[in-house]
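Given next are the chains, with one letter for each unit.
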Amino acid sequence: MGHFFLQLICVGTIAVFSQLGQPDDQKLRDEFRRPDVISFPEDAPYFPQVAALGKKLFFDPRLSGAQNMSCASCHNPSFGWETPAARTIGAMNEPLDRHAPTIENLAEAKRLHWDGKVGSLEEQASQPITHPKEMNNTIDDVVERLLQLPEYKSWFETLFDDGISGGTIVRSIATYERTLRSGHAPFDDWINGDDDAISQQARAGLDLFTGKAKCAACHSGWAFTDYEFHDIGLDTDDIGRGKYEPDNAQAQFAFKTPTLRNVAIRAPYMHRGNIQSLRNVLRHYNEGGLSRPSKSEDVTELELTDSEMDAIIAFLETLSANNVHVTTPALPPEVPKR
Amino acid sequence: MNGGSRSLRVSIFLPLAMLLIIGSSAMFWISETARNSHEYAEIHQQQVTKALEVVVSSKASIAEIDRYVGEVTSFDRIIPQDEISETFTSLRRKVLADLKELTLHVEMGVDAETLLELERSAIEWADNAEIALGLRPSSNIPTFENLSVKKNRIQSTMSSVYAQARIFEERAMIENRSRFREHMTAAQISLIVLLIVGGLIAFYRANHLASALQRLSSDMTRIRNGQFNVQVEDATRKDEIGEMARNVASFSRDLQELTATKEHVEYLALHDPLTGLRNRRCMDRKLDEIHGTDNSDEEWIAMHIDLDRFKIANDTHGHHAGDEILRAVAQVLNQQVSPSDLIFRVGGDEFLVLSRENATQEKATKLAASIIRGASTPIRYNGAKLQVNASIGIAFYSQSERDPELLLSNADLALYDAKAAGRGLFKFSSKAQRIQRERQRTTLEQLKRGLAKQELLVHFQPQVDVSAKRVIGMEALLRWDHPERGTLAPIHFLDLAMDNGLGDELTSICIQQSIEALKNWRDLAIDVPRVSLNFAANQLRNPGLIDELNQRVCDSGLSSRDISIEIVESVLFGDREDLAISQVKRLRDLGYKIELDDFGTGHASISNLTRFKVDRIKLDRMFVSDIDSNKDKHTIVSALTDLAGKLDIECLAECGETPSERDELLSLGCTQFQGYLFSRPQSQPAITLWLLHRNSIEVSSNQAV
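The model shown is predicted, which means the values in this text are computed figures rather than measured ones.

Cut-offs applied
Residues numbered from 1 in each chain as written. Chains lettered and ligands numbered in written order. Predicted model: local features only at pLDDT ≥ 70, side-chain atom pairs only at ≥ 80, totals over all residues. Heavy atoms only, no water. Helix = DSSP H or I, 4+ residues; strand = E, 2+ residues; numbered from the N terminus. Buried < 20%, exposed > 50% of the residue type's maximum accessible area, 1.4 Å probe, protein only. Contact = heavy atoms within 4.5 Å. Buried area = accessible area lost by both parts, 1.4 Å probe. Salt bridge = Lys/Arg side-chain N within 4 Å of Asp/Glu carboxyl O. Phe/Tyr/Trp six-rings, centres within 6.5 Å; stacked < 30°, edge-to-face > 60°. Lys NZ or Arg CZ within 6 Å of the ring centre and 35° of its normal. Axes fitted to C-alpha atoms, helices over the stretch in contact; angles between N-to-C directions. Parallel < 35°, antiparallel > 145°, perpendicular 65-115°, else oblique. Left-handed = near helix turned anticlockwise from the far one by under 90°. Nonpolar A, V, L, I, M, F, W, Y, C, P; charged D, E, K, R; others polar. Pairing = 2+ DSSP bridges. Core = buried A, V, L, I, M, F, W, Y, C linked by side-chain atoms within 4.5 Å. Expected span 1.5 Å × (residues − 1). Polar contact = N/O pair within 3.5 Å; in protein donor to acceptor, adjacent residues only side chain to side chain. Patch = residues over 30% accessible without salt bridge, like charges linked within 9 Å, V, L, I, M, F, W, Y side chains within 5 Å. Areas by Shrake-Rupley, 256 points an atom, 1.4 Å probe, with all protein chains shown as cover.

**Details of the overall build of chain A**
If you tally the helices and strands in chain A, you get 11 helices and three strands. Mapped in sequence order, the helices and strands of chain A form the string α-β-α-α-α-α-α-α-α-α-β-β-α-α. The burial tally for chain A puts 50% of its 338 residues in the buried class. Taking contacts inside chain A between residues at least 6 apart in sequence as the whole, the part at least 24 apart equals 67%.

**Re the interface of chain B and chain A**
Each partner contributes residues to the interface: chain B has 23 residues there, and chain A has 25 residues. Between chain B and chain A, a total of about 1900 Å² is buried, with carbon and sulfur atoms accounting for 57% of that surface. Contact with chain A buries surface across chain B, with Phe75, Asp76 and Ile78 of chain B losing the most and accounting together for 40% of the total. Applying the counting criterion to the chain B and chain A interface returns two salt bridges. Taking the shortest distance from any N to any O, the salt bridge between Arg34 of chain A and Glu145 of chain B comes out at 3.3 Å.

**Notes on the packing of aromatic side chains**
Evaluated as defined, the whole model comprises 22 aromatic pairs over all chains. Site record: aromatic cluster; members linked through ring pairs are Phe40, Tyr46, Phe58, Phe59, Trp81 and Tyr176 of chain A together with Phe75 of chain B. The ring of Phe229 of chain A carries the charged tip of Arg241 of chain A above its face, separated from the ring centre by 5.0 Å. Stacked on the ring of Tyr676 of chain B, the Lys or Arg Arg680 of chain B has its end atom at 4.7 Å from the ring centre.

**Some words on the packing of helix α10 (residues 404–420) of chain B against helix α11 (residues 431–452) of chain B**
Residues and elements named next belong to chain B. Where α10 contacts α11, the axes come no closer than 10 Å and their chain directions differ by 115 degrees. By the angle between their axes, α10 is roughly perpendicular relative to α11. As for how α10 packs across α11, the hand of that crossing is right-handed. Across the interface between the two elements, Leu406, Ser409, Asn410, Leu413, Ala414 and Asp417 from α10 touch Gln433, Arg434 and Arg437 from α11. Per-class residue counts for the contact of α10 with α11 are three nonpolar, three polar and three charged.

**With respect to the sheet that holds strand β2 (residues 278–279) of chain B**
Residue and element names in this part refer to chain B. The mixed open sheet is built from six strands, whose spatial order is β2-β4-β5-β3-β8-β9. The strands lining the two open edges of the sheet, one partner per strand, are β2 and β9 (426–428). One ladder, built from four bridges, connects strand β4 (residues 342–345) with strand β5 (residues 350–355); its direction is antiparallel. Directly across from Phe344, in β5, lies its bridge partner Leu352. Contacts from α10 reach β3 (301–308), β5, β8 (389–396) and β9 within the one sheet, and its direction differs from that of β8 by about 140 degrees.

**Here we look at the nonpolar core**
If you look at the biggest cluster of nonpolar residues, it comprises 73 residues, and the most contacted ones within it are Met474, Trp521, Leu549 and Ile617 of chain B. Here this core takes eight residues from helix α13 (residues 503–523) of chain B, the largest share from any one element. Aside from chain neighbours lying at most four places away, what touches Ile617 of chain B is Leu596, Phe599, Leu609, Ala644, Ile649, Glu650, Cys651 and Leu652 of chain B. Membership of the second largest hydrophobic core comes to 49 residues, among which are Val50 and Val170 of chain A together with Phe75 and Ile141 of chain B.

**So, the pairing of β5 of chain B**
All names here are of chain B. Across the six residues that make up β5, a large majority, five, are buried. As paired elements, β3 and β5 share six bridges and run antiparallel to each other. By the bridge assignment, Ile301 is partnered in β5 with Ser355. The loop that links β4 with its antiparallel partner β5 comprises four residues.

**A closer look at helix α8 (residues 319–336) of chain B**
Structurally, the α-helix is built with 3.6 residues per turn, so residues lying three or four positions apart point the same way. End to end, α8 of chain B covers 26 Å across 18 residues, agreeing with the expected 26 Å (1.5 Å per residue, within 8%). Listed in full, the buried residues belonging to α8 of chain B are Ala321, Gly322, Ile325, Leu326, Ala328, Val329, Ala330, Val332 and Leu333 of chain B.

**A closer look at the pattern of salt bridges**
Residues and elements named next belong to chain A. Evaluation of the coordinates by the stated rule reveals 61 salt bridges over all chains. Close ionic contact of Glu334 with Arg62 constitutes a salt bridge, the shortest N to O distance being 2.6 Å. Of the two residues, Glu334 sits in the segment after α11 (306–317) while Arg62 sits in the loop between α2 (48–59) and α3 (71–74), which places them 272 residues apart along the sequence. For Arg62, a relative accessible area of 9% corresponds to the buried category. When the shortest N-O distance is used, the salt bridge between Lys153 and Glu157 registers 3.5 Å. Here Lys153 pairs with Glu157, and both are found in helix α6 (residues 150–159), just four residues apart, close to one helical turn. On the accessibility criterion, Lys153 (33% relative accessible area) is partly exposed. Accessibility expressed as a relative area gives 47% for Glu157, which makes it partly exposed.

**A look at the pairing of strand β14 (residues 563–568) of chain B**
All names here are of chain B. Of all six residues in β14, five are buried; the element is thus mostly enclosed. In this sheet, β14 lies alongside strand β13 (residues 531–534) in parallel orientation, the contact comprising four bridges. The residue of β14 that forms the bridge with Ser532 is Ser564. Of the pairings in the sheet, the one linking β14 to strand β15 (residues 593–599) comprises five bridges and is parallel in character.

**Some thoughts on unusual backbone geometry**
Residue and element names in this part refer to chain A. Omega for the bond connecting Ala267 with Pro268 falls within 30 degrees of zero, at -10 degrees, which places this linkage in the cis form. Position of Pro268 among the secondary structure elements: in the loop between β3 (255–256) and α10 (278–287). Residue Asn105 is not a glycine yet carries a positive backbone phi of 55 degrees. By relative accessible area, Asn105 is classed as buried at 1%.

**Overview of the side chain of Gln672 of chain B**
Residue and element names in this part refer to chain B. Mapping Gln672 onto the fold places it in strand β18 (residues 672–674). Judged by relative accessible area, Gln672 falls into the buried class, the value being 8%. Within the local environment of Gln672, its side chain forms a polar contact with the side chain of Glu650, the two groups lying 2.7 Å apart. Those residues in contact with Gln672 that sit more than four places away from it in its chain are Val464, Asp465, Ile472, Arg616, Glu650, Cys651, Leu652 and Ala653.

**Observations regarding a nonpolar patch on the surface**
Residues and elements named next belong to chain B. Together, Ile189, Val193, Val197 and Ile201 line one region of the surface with nonpolar side chains, adding up to about 320 Å² of accessible area. Mapped onto the secondary structure, Val193 falls in helix α4 (residues 144–224). By relative accessible area, which is 43% here, Val193 ends up partly exposed.

**A word on α13 of chain B**
All names here are of chain B. In this model, α13 (21 residues) spans 30 Å end to end at C-alpha, consistent with the 30 Å of a helix rising 1.5 Å per residue. Listing the buried residues of α13 in full gives Gly503, Leu506, Thr507, Ser508, Ile509, Cys510, Ile511, Ser514, Ile515, Ala517, Leu518 and Trp521. Positive backbone phi, at 65 degrees, marks Ala525, one or two positions downstream of α13.

This is the structure in structure tokens:
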């Protein structure tokens with residue numbers, strides 16, 4: 001008889017506590033749920049053909065001066081649209097200033113580049129093409145070159161009134177880029193209701209992420225970024241956003257919050273690509289970073305235990321898409337010059 | 001079968017037919033139900049299969065369109081708008097067509113909501129896909145994941161549709177199956193019930209029939225075992241069994257009659273109807289039985305009883321009186337013997353008693369005495385007083401070497417003894433008798449050997465005419481030259497030979513040797529006018545006798561006149577039907593001479609002479625002896641010789657001893673003589689010598705020796 005009552009109490013307690021867990025879960029799920037749609041700007045409407053054209057251009061090295069580099073050279077889809085090196089070697093055979101950021105989940109971004117230099121993907125697209133350290137080419141050259149290729153020529157003329165122009169080139173690329181979203185990850189399964197999609201450890205990590213570790217302060221929303229600029233106390237000379245907002249104290253040493261989706265495959269981390277592992281990233285946060293006036297108030301010493309950090313890392317790993325494979329397009333062939 | 005009777009056939013076939021009908025209709029129903037159920041199940045199975053097909057097809061077309069969307073949104077190829085539009089439209093049409101077909105197929109089993117959901121999710125996806133394919137302008141482009149989720153929803157709804165459809169069909173099939181099972185159970189139960197009922201009826205009928213047959217069978221067995229008064233049941237039934245029963249009853253009666261008849265026949269076969277006693281055949285069987293189951297310590301006696309003077313009574317008072325006597329005697333026997341004794345009537349006036357209980361000297365004596373006493377009691381019949389007597393011969397089984405034949409034979413001998421001793425007595429079979437029989441057997445053996453060794457010879461005794469002083473003939477007398485006993489006259493062996501089938505041989509010897517002798521004498525120029533052969537009645541009765549005689553006579557060149565046949569009176573003057581008489585007549589007709597031997601000793605000698613003409617009479621010794629002293633004899637002989645002379649019959653005297661007799665006879669006119677005075681019988685060589693000698697003497701003197 002006593003045995004039975006004991007069991008009853010245990011079951012009852014578990015039930016109560018599981019119920020207690022429910023509303024939290026639901027809130028989290030709602031917070032991190034992916035949107036169904038990608039918004040395209042009115043002046044740059046979506047056409048699959050344009051996106052496809054953009055994809056070709058993205059992968060076509062003939063956009064670079066020496067015809068050796070394409071956008072994909074630095075934004076490699078296999079590495080989460082980044083580069084495994086801390087800072088990529090460019091056209092001048094010198095490492096670039098900053099680590100190549102991912103180009104996933106940027107349709108909603110108001111500003112692009114670590115420092116928010118440009119305000120649209122179109123603008124951003126021309127940057128690397130024309131930068132002497134990067135692709136070292138001119139738009140005119142690109143246009144010139146593309147006009148030599150009948151396929152490009154015909155497509156541009158079909159899709160755009162202007163035909164091949166700088167504007168249409170970057171438009172195409174931007175349209176393509178807008179379609180890029182991180183793939184479906186186990187965490188998304190969890191969000192869709194599958195409690196077993198992420199491990200207990202990851203679940204605990206999520207709680208820490210949104211709780212003690214205060215990651216969600218900046219890494220919020222479905223893409224785990226607020227698309228804002230924050231100084232996280234890194235030891236660096238790069239003043240980041242501060243270059244464009246010299247008067248904004250908070251903007252000094254501030255960099256755009258990168259998305260955490262697929263973060264586990266996008267090492268090394270930070271604008272200089274100097275932090276190799278997620279653990280070291282967490283260690284940095286745990287220590288609280290360098291104190292300076294621009295530092296975000298959310299970045300403090302955390303006093304996370306090793307196991308807590310492990311939990312957070314476990315959680316972050318659940319954000320990696322099940323399938324990161326991106327197919328490469330067929331590029332129009334070189335036409336032999338007579 | 002008449003109209004009023006029922007046939008067993010109905011009784012047998014009806015339940016069988018019923019069972020057959022039940023069985024076949026049940027079979028039919030079961031198979032029909034099974035077929036229907038199977039068809040129904042098949043249909044539903046087909047439905048499920050078809051639904052699955054459609055679902056698979058739908059899923060395939062959805063997958064195809066999805067793949068196309070995926071291809072387009074991979075952006076690896078720039079596909080012209082109209083191509084996208086065309087392809088997508090046709091693919092979508094296919095999807096919708098498939099979904100429509102699916103809906104049609106599963107309308108029955110799937111709830112409307114699910115089908116609506118399917119349609120809705122399909123449309124939702126299609127709308128989103130259109131945007132993603134750039135077929136419909138929008139600033140919000142559905143993500144790949146979005147499309148994927150929506151596609152999955154379609155797929156899962158379709159799976160749910162399929163599942164529902166399947167459940168529906170399965171339920172239908174389960175229903176069908178359970179309905180089938182119900183039907184089957186009903187069929188089984190009713191079949192079992194009907195079969196049990198039908199079976200019981202059939203069984204009952206069969207049992208009934210079997211019982212009737214069994215009763216009949218046991219009745220027949222009882223009848224077969226002799227119980228004829230069995231009451232055959234079922235005889236009143238109107239069917240085949242009734243007929244059989246009536247037939248059996250009829251057979252029973254027939255059998256009863258036949259059995260009674262058979263028993264009666266058996267009885268008659270083994271019993272004497274007159275006296276009710278067992279007969280000779282029965283006696284033979286009984287003796288065989290005794291011999292067969294011989295217990296060597298069991299003693300039996302056989303009493304052979306012969307009635308004396310029965311023939312006289314029979315002749316005097318008639319056959320019915322005779323019957324009465326026999327019945328009376330039978331009664332006496334029945335009264336006197338012990339219960340276990342057996343009485344047999346074995347002859348006209350002969351009885352045999354076989355007794356175990358009285359098988360001692362003392363008891364047998366008592367019994368025999370009482371039988372004689374009883375038998376000699378006078379019987380009243382038709383106012384007359386009948387009286388007979390009994391002679392009894394008694395023999396013991398143990399003394400007869402435990403051989404039934406010897407037992408009878410000994411009893412016979414004893415009876416003969418009793419009769420010889422004066423009748424109205426009983427005699428036990430004596431050792432002397434047995435010895436005598438033994439002796440007789442020995443003698444017979446010796447006779448047979450003797451015949452083979454030619455010990456049987458004919459001797460001759462001359463017949464002389466004293467006045468003429470010549471031999472007028474020879475009498476042939478059979479002698480046996482016995483190796484031990486010397487020369488034996490026929491009296492020692494003739495009856496024995498006749499009784500044992502040697503008579504004919506002896507007759508032949510007589511004839512042969514006599515004729516041979518006569519021929520010899522003729523050849524030697526000895527005058528022997530004739531030779532006389534003795535024939536007994538039974539010899540004369542042999543039809544071959546005359547032929548043999550004639551043959552030999554002829555072969556030897558003699559004639560019938562040379563032969564004289566000697567017979568006793570009784571032969572001629574006995575039963576008129578006797579073959580012997582006709583044979584004699586025939587012989588006479590053939591020229592043989594006929595002589596009457598031992599004349600005067602028979603019944604009505606004198607009158608007989610007129611009846612049959614004989615050539616000679618031989619006066620018996622009785623008349624001849626002391627004729628010289630006996631006046632009466634003298635007178636008689638005188639008369640006889642006179643008579644004979646007057647009838648032209650020769651007369652010969654068997655004269656034995658004295659010359660004075662001879663002389664006396666001579667004086668009476670009897671000139672022919674035969675006897676020791678002249679010569680005793682001698683063998684042929686001896687008598688031939690005698691003849692020769694006599695001839696020479698005669699020549700020299702006239703003295704007759």
